[in-house]
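# Close look at the chain arrangement
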Amino acid sequence: MNASPSWLARTWSLLTDVPRRPDASVAVRCGQALPLLLPVLALVALSGWKWGVQDPRVRAARAANQPLLNLETEVAALQSHLLQAEPQDSARAAALRAALPRDRAGLPSVLAPWRDQAIARGWEAVFGPVADLPRESGAPLAFAAVGGTFRPLSGNLHPWSSLLGLLGDISAPNARIGVTRLVIRADEQGRYSVEMRLDLPYLAETPAYVK
Amino acid sequence: MNPVLLDAPPIPAPPASPPAAPAAPRAAASRRAGTAVGFAWLRSSLEATAFLRGVAGETWRAPGPVRSFEEFEQAVAAALAALSVAGGDAFVLLEQAELRHRTESAPGSGKAARSYLAARVARQEEDGGALLWSAQPTATSRPDASFILHLLPAAFHERLARCLAARGLRLTRVFPLAAPLALELADESRPRLLAVETDGATTVVVAAGDRLVLARTLEACWTSEAVRVGLEINRSLLYAKQQLGTAVHEVRLLGAAPAVAETRVRCGEGREIVAGRPRPADWLERIAALSPRHPGNLIAPLLQREARQAYLRAALASLGWILTVLFAGILRSENQSAQAEHGHFALLQREAAALRAARDALLAQDRQESQDRTLLRAATGARIPAVPRLTLAGTAAVLPPEIRLTDFRVERDAKTAAWTFRLSGTIEADEDTARTLVAGLQDKMARDPLRAHFAEAERALAVLPPAAGSGSPGLIGFTLGGTLP
């Protein structure tokens, strides 16, 4: 604590001492200190303006507009996120939605063309009732299983190769049909009896634009 | 004995005193022009010489005694008027009772000796107040360095400086009388003694060239105490002989012509005794040639301290202004940013509704994108490979003509997603051939592309009874089963 007065005295001396005039008046000493005090006063004034006026004003404006800033940030983030999305995904998804039945009730209409296709291949197709398969909650697709019995038409001279062709049609990727069971029986006369179980997808979601 | 100036009562000003109104601009102009005034204030006598760029000009001598500061101030005013000097630098050659001289021995040299002397001065200051001091090294026969300390009370200097400042003069040098006397003795290398009488006091200096031996001031003069002065001069000569190792052969008495005979009687054996008049103007000229930083200048440390302080003040002020300017620049930049931000806020407020609508549209689009991705992922993940078709085609490709399939089954377990298969058929051959054919079929189906894995438990080979009335040999029935990748 002894150093404090000495330090203060030295500072006071540095600030106010007038050379060769130890008895200088207070006014003269203040005049002497002015060149040093002026920048200090200017710094104090600027600091006061910054921390007393400017910064609180900026903080208040930011706080008042924070919801709008958050909104702007959210919009920018969404735009950036959507820019990174694959543009063809949307088209592929739209095509998929257009191709799939909207619900389970639409499945028979999916099967009808296959009946014609089977006939074209020389087979008669008979589809059984539609049975729901277990589905995950929230999954966009649901599946239903359909049993089908196929018999060669009387004029079908190449049942084996036509069956392979029909199976190829049904199993093609764009058919969106999963064959999960195939049973082929041939009797002693060489007549074929074919059973298939087909898993058919349909839409389980409600599109966002519908909401 | 002279009165001590610091305690002397003020005396009335002489009627012819010039006005004491210095013109600071003129003083500054004089300083810039290199004008300086030297004052030789030796006890009660005062002599002033004007110097222009170091060249001595006119000299003015005070008509009466100058014993007090008031008289000094008036004399200075008169001198300036007589010399036509408006201001500038001033230096003083001083010989007063307040200016004391001491011989000090200091251990070591350089800084150590100076620190020692400073400590000695500090002890003196404890008794009599702040002192200004300078030290002249002297020749000595002792191992320690020896110095003559000149000590001047700081209060005396302050009054002196104030008197001069009142006349627009800036005091830059204060030298004791011994300084120019030592310089005069340095002109010749042989040992000499110089004694100067100044109004009741006698200053004695002995030197051999630039080797100063002693410098002292006796409070006595020839006219009143000739015997004592003679004795002291004799003692000084003996001391000088002791320090120099050789006798001093020349004694010069300035301002004491009548005492030559007395001095010759007392200490003139084999010595040249010369009389002369004091020449303050010459001494002032010698002093004028010395730098204010000369170690003999009593106020040199004060000037250095003032210069350091002025430098520090200027540096601090510069630093303060630099910081202020930098800070102001930062604040200006921040203010511009704040204004830009304010404008941005205003824009946001104006377009808040549009932003919300855009956000909602983007959110809907994002939800749609997310659903699209989920749907595509689900569609891709849920795609069931065409294992039945591939197995059927693969089996048909490797099936030997001797084997006739009667039952072909491929199934997928919904829980485990594993594929199993089962084949049944007949072979029209003997049992060994049938076994070989089945083994061959198994081997081919186990390879690419089917890579079927057969379960031994499901493998069966049996001889079937021939159909009644067919007449054909018996058939071998077989069953194979397993899993598919």
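Every chain begins its residue count from 1, and numbering advances along the sequence as written. Following the order in which they are written, the chains are lettered starting with A and the ligands numbered starting with 1. Restriction of local features to residues with pLDDT of at least 70 applies here, the model being predicted, together with a cutoff of 80 or more for giving and counting side-chain atom pairs; totals for whole chains, interfaces and linings are based on all residues. Side-chain metrics rest on all non-hydrogen atoms present in the structure, leaving aside hydrogens and water.

## Some details on the overall build of chain B
- Looking only at helices and strands, chain B features twelve helices and 18 strands.
- Buried means the residue's accessible area, taken with a 1.4 Å probe over protein chains only, is under 20% of the maximum for its type, while exposed means over 50%, and partly exposed covers the values in between. For chain B, the proportion of its 485 residues judged to be buried stands at 44%.
- Restricting the contact set of chain B to residue pairs at least 6 apart, pairs at least 24 apart contribute 62%.
- The Shrake-Rupley method, run with a 1.4 Å probe sphere, supplies the accessible areas, and residue values consider only the shown protein chains as cover. Accessible surface, chain B as shown: approximately 23700 Å² in total, 55% of it carbon and sulfur. Secondary structure elements follow DSSP: runs of H or I no shorter than four residues count as helices, runs of E no shorter than two count as strands, and numbering proceeds from the N terminus. In what follows, residue pairs with any heavy atoms lying within 4.5 Å of each other are defined as contacts.

## Re a nonpolar patch on the surface
- Residues Leu312, Leu316, Leu319, Ile322, Leu323 and Leu326 of chain B make up a contiguous nonpolar surface patch of roughly 530 Å² in combined accessible area.
- Along the chain, the position of Leu316 of chain B falls in helix 9 (residues 300-350). Each patch is assembled from residues with relative accessible area greater than 30% and no salt bridge, linking like charges that lie within 9 Å and nonpolar side chains (Val, Leu, Ile, Met, Phe, Trp, Tyr) that lie within 5 Å. Salt bridges, as used here, are contacts in which a Lys or Arg side-chain nitrogen is within 4 Å of a carboxyl oxygen on Asp or Glu.

## Quick word on the sheet that holds strand 12 (residues 250-254) of chain B
Residues and elements named next belong to chain B.
- Pairing between strands is defined by DSSP: at least two bridges between them are needed. Pairing in this open sheet of five strands is mixed, and the strands run 11-10-9-12-13 from one edge to the other. Looking along the sheet, the strands with just one partner apiece sit at the ends: strand 11 (211-218) and strand 13 (272-276). Adjacent strand axes in the sheet meet at a mean angle of 15° when their direction is disregarded.
- Most of the contacts of helix 6 (residues 222-244) go to strand 11, to which it runs at about 160°, and overall it touches strand 9 (191-198), strand 10 (201-208), strand 11 and strand 12. Lines fitted to C-alpha atoms define the axes, with helix axes restricted to the stretch in contact, and inter-axis angles between N-to-C directions lie between 0 and 180 degrees.

## Comments concerning the confidence of the model for chain B
Residue and element names in this part refer to chain B.
- Overall, the predicted model of chain B reaches an average pLDDT of 85, with 91% of residues at or above 70.
- No element of chain B has a lower mean pLDDT than helix 1 (residues 24-33), at 53, and none a higher one than strand 2 (residues 45-52), at 94.
- Scored as a whole, the predicted complex attains pTM 0.58, and scored at its interfaces, ipTM 0.70. A residue's pLDDT is the confidence the predictor assigns to it, expressed on a 0 to 100 scale.

## Concerning the side chain of Thr324 of chain B
- Tracing the backbone shows Thr324 of chain B in helix 9.
- Exposure remark for Thr324 of chain B: the relative accessible area of 7% places this residue in the buried category.
- At 2.6 Å, the side chain of Thr324 of chain B and the backbone oxygen of Gly320 of chain B are in polar contact.
- Ignoring anything within four residues of it in the chain, the contact list for Thr324 of chain B reads Pro39, Ala42, Leu43 and Leu46 of chain A. N or O atoms closer than or at 3.5 Å make up a polar contact, with two conditions inside protein: a donor-capable atom paired with an acceptor-capable one, and, for residues adjacent in sequence, both atoms drawn from side chains.

## As for the nonpolar core
- In these notes, a set of buried Ala, Val, Leu, Ile, Met, Phe, Trp, Tyr and Cys residues joined through side-chain atoms within 4.5 Å is what counts as a nonpolar core. In this structure, Phe150, Ile170 and Met196 of chain A together with Ile427 of chain B are the most contacted members of the largest nonpolar core, which totals 49 residues.
- Beyond its immediate chain neighbours, meaning those up to four positions away, Ile170 of chain A contacts Trp114, Phe150, Ala175, Ile177, Val179, Met196 and Leu198 of chain A.

## Brief notes about the pattern of salt bridges
- Enumeration over the complete set of coordinates arrives at 38 salt bridges over all chains.
- Here Arg62 of chain A and Glu341 of chain B are joined by a salt bridge, their closest N and O atoms 2.7 Å apart. With Arg62 of chain A in helix 2 (residues 26-64) and Glu341 of chain B in helix 9, this residue pair bridges two chains.
- Note that Asp407 of chain B and Arg185 of chain A form a salt bridge whose closest N and O atoms lie 3.5 Å from each other. In this pair, Asp407 of chain B sits in strand 14 (residues 403-412) while Arg185 of chain A sits in strand 3 (residues 178-186), so the two residues belong to two different chains.

## Structural notes on helix 12 (residues 431-446) of chain B
Residue and element names in this part refer to chain B.
- For a helix, the expected span equals 1.5 Å multiplied by the residue count minus one. For helix 12, with 16 residues, the first-to-last C-alpha span of 22 Å sits near the 22 Å given by 1.5 Å per residue.
- Every buried residue belonging to helix 12 is among Ala434, Leu437, Val438, Leu441, Gln442 and Met445, and all of these are buried. One side of helix 12 carries all its buried residues, which in axial view fall inside an arc of 140°. In helix 12, the exposed positions angled more than 90 degrees off the buried face are occupied by Asp432 and Thr436.
- Those residues of helix 12 hidden inside the fold are in contact with helix 11 (387-398), strand 14, strand 15 (419-427), strand 16 (453-454), strand 17 (460-464) and strand 18 (475-484).
- Taking the backbone nitrogen of Asp432 as reference, a side-chain oxygen 3.2 Å away marks Asp430 as the first, capping residue of helix 12. Directions pointing from the helix axis toward each C-beta atom define the arc.

## Some thoughts on helix 5 (residues 178-185) of chain B
- Counting buried residues in helix 5 of chain B gives seven out of eight residues, a clear majority hidden from the surface.
- Listing the buried residues of helix 5 of chain B in full gives Ala178, Ala179, Pro180, Leu181, Ala182, Glu184 and Leu185 of chain B.

## Overview of the sheet that holds strand 6 (residues 131-138) of chain B
Residues and elements named next belong to chain B.
- Pairing is antiparallel across the open sheet formed by three strands, whose spatial order is 5-7-6. Lying at the two open borders of the sheet, with one neighbouring strand each, are strand 5 (100-106) and strand 6. The mean angle between the axes of side-by-side strands here comes to 30°, regardless of whether they run parallel or antiparallel.
- Judged from the eight bridges that link them, strand 6 and strand 7 (residues 145-153) form a sheet pairing that is antiparallel. By the bridge assignment, Ala135 is partnered in strand 7 with Leu149.
- Packed on one face of the sheet, helix 3 (residues 111-128) meets strand 5, strand 6 and strand 7 and runs near 135° to strand 5.

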